Amino acid sequence: MAETRTFRIAVIPGDGIGAEVVPEGLRVLDRLAALSGGRLAFAYESFPWGCQHYLRTGRMMDADGLERLAGFDAIYFGAVGWPGVPDHVSLWGLRLAICQGFDQYACIRPVRLLPGVPSPLKTATAETVDWVVVRENSEGEYAGIGGRNLAGRGADREVAIQTALFTAQGCERIIRYAFDLARTRRRRKVTGVTKSNAQQYAMTLWDETFARVAAAYPDVETEQWLVDAMAARFVLRPETLEVVVASNLFGDILSDLGSAIGGSLGIAASANLDPERRHPSMFEPVHGSAPDIAGQGIANPVAAIWTVALMLDHLGLTAEAALVMDAIAATTEAGVLTPDLGGSATTREVGEAIAAALGSR
Ligand code: GGG
């Protein structure tokens with residue numbers, strides 16, 4: 001019998017529905033291992049980090065968190081944020097601490113319309129809604145540089161400065177990543193997105209870097225768009241999009257819009273990659289902790305399971321990743337959907353249906 005390949009996965013369910021959807025992703029991984037005839041195994045270690053941990057210990061993750069995560073093959077993350085802990089404390093203390101600490105500079109967010117899923121766009125089809133947002137994930141508007149001062153003069157005279165940081169190297173590496181990704185897609189096309197008419201320093205650096213990188217990829221079609229126009233284009237001409245590369249904040253906003261066009265935030269998956277593989281990469285659904293539906297067992301696990309497919313791809317298990325995507329599509333096509341998509345299935349029922357569809361393929 002072939003030797004078993006064991007992948008070590010750090011699991012951080014986090015807050016709210018993170019703890020409900022992550023088990024469904026693990027169910028799918030376990031099913032793949034069971035179907036592999038001993039070829040594959042996944043060894044998990046779970047970390048209880050998140051807002052409850054913060055309320056108990058004063059930290060979103062333990063002080064040696066990065067050291068403990070460093071030896072894993074991948075990190076599987078749920079969601080962060082819970083009422084009672086300020087959102088900037090929870091985000092910086094966990095998700096950003098890991099993404100920035102491990103220099104996971106490429107955040108990959110595919111946008112697709114799955115079979116059987118209704119889109120709010122009446123013209124949307126699987127052919128017209130199929131692109132990837134590449135979000136810069138290490139600097140930009142998330143550099144965390146700034147401060148608040150002068151509150152002593154009265155609340156109405158306080159000042160705040162929040163500075164974005166754009167480096168030529170930071171721009172170049174994410175734009176190169178986008179071009180390399182475009183070479184693997186049906187159309188070789190990259191659209192760079194900025195707001196360089198208003199942001200004349202940082203975003204012109206991005207635009208000029210984009211033009212320089214583009215010159216090294218003559219086989220790839222390119223465009224440079226302003227973010228406001230790009231938001232409208234997502235809705236009006238989605239069929240013209242293939243790989244969209246944008247700064248940290250713009251990429252985040254555009255990918256939420258893309259998720260909504262794909263039917264629901266409950267579907268959208270993401271990968272926070274260290275493409276150079278110096279550190280483990282982290283895989284998480286795009287959605288947050290959704291306190292409004294947490295605990296009801298109705299959160300959509302598709303995003304978390306699609307995220308598993310992105311993780312498998314990164315681990316070199318491309319056939320298994322394709323199997324997971326096929327199983328998701330078979331399940332949505334069969335109408336096994338959670339309430340956000342107009343169905344009545346529970347989180348667990350959708351997870352079980354996807355795991356079962358793996359075995360029938
Ligand atoms: N699973 C993603 C998640 O929990 N996101 C929380 C959030 O608020 N993210 C904002 C951001 O990363 O920009």
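Residues numbered from 1 in each chain as written. Predicted model: local features only at pLDDT ≥ 70, side-chain atom pairs only at ≥ 80, totals over all residues. Heavy atoms only, no water.

Focus: the site of the ligand
Alright, step 1. Neighbouring residues of the ligand: 13 residues in total, closest Val80, Arg95, Tyr142, Pro285 and His287.
Alright, step 2. Between an oxygen atom of the ligand and a side-chain N or O atom of Arg95, the distance comes to 2.9 Å.
Alright, step 3. Relative to its unbound accessible area of 360 Å², the ligand is 83% covered by the protein chains.
Alright, step 4. Elements with a minimum of two residues in the shell around the ligand: strand 3 (74-79), helix 4 (87-101) and strand 12 (281-285). (Near = heavy atom within 4 Å. Polar contact = N/O pair within 3.5 Å; in protein donor to acceptor, adjacent residues only side chain to side chain. Areas by Shrake-Rupley, 256 points an atom, 1.4 Å probe, with all protein chains shown as cover. Helix = DSSP H or I, 4+ residues; strand = E, 2+ residues; numbered from the N terminus.)

Quick notes on the domain arrangement of the protein
Alright, step 1. What the domain assignment reports for the protein is domain 1 (1-104 + 265-361) and domain 2 (119-262).
Alright, step 2. Its C-alpha centre places domain 1 at a distance of 24 Å from the equivalent point of domain 2.
Alright, step 3. Counting residues at the interface gives 16 residues for domain 1 and eleven residues for domain 2.
Alright, step 4. In total, about 1,000 Å² of surface goes out of reach between domain 1 and domain 2, with carbon and sulfur atoms giving 49% of it.
Alright, step 5. For the interface between domain 1 and domain 2, the tally reads one salt bridge.
Alright, step 6. Put simply, Asp103 and Arg173 hold a salt bridge, and the shortest N to O gap is 2.8 Å.
Alright, step 7. The interface formed by domain 1 and domain 2 contains five residue pairs in polar contact (both at pLDDT 80 or more).
Alright, step 8. Only helix 4 and strand 11 (269-273) provide two or more residues apiece to the side of domain 1 that touches domain 2.
Alright, step 9. Here the side of domain 1 that touches domain 2 gets six residues from one element, more than from any other, and that element is helix 4.
Alright, step 10. Classifying every residue of the side of domain 1 that touches domain 2 gives ten nonpolar, three polar and three charged. (Domains from an automatic or database assignment. Contact = heavy atoms within 4.5 Å. Buried area = accessible area lost by both parts, 1.4 Å probe. Salt bridge = Lys/Arg side-chain N within 4 Å of Asp/Glu carboxyl O. Nonpolar A, V, L, I, M, F, W, Y, C, P; charged D, E, K, R; others polar.)

With respect to the environment of Ala269
Alright, step 1. With respect to the helices and strands, Ala269 occurs in strand 11.
Alright, step 2. Measuring from C-alpha to C-alpha, the distance between Ala269 and Glu172 comes to 24 Å, with 97 residues separating the pair along the chain.
Alright, step 3. Beyond its immediate sequence surroundings of up to four residues, Ala269 is in contact with Ile108, Arg109, Pro110, Glu284, Pro285, Val286, Ala303, Trp306, Thr307 and Leu310.

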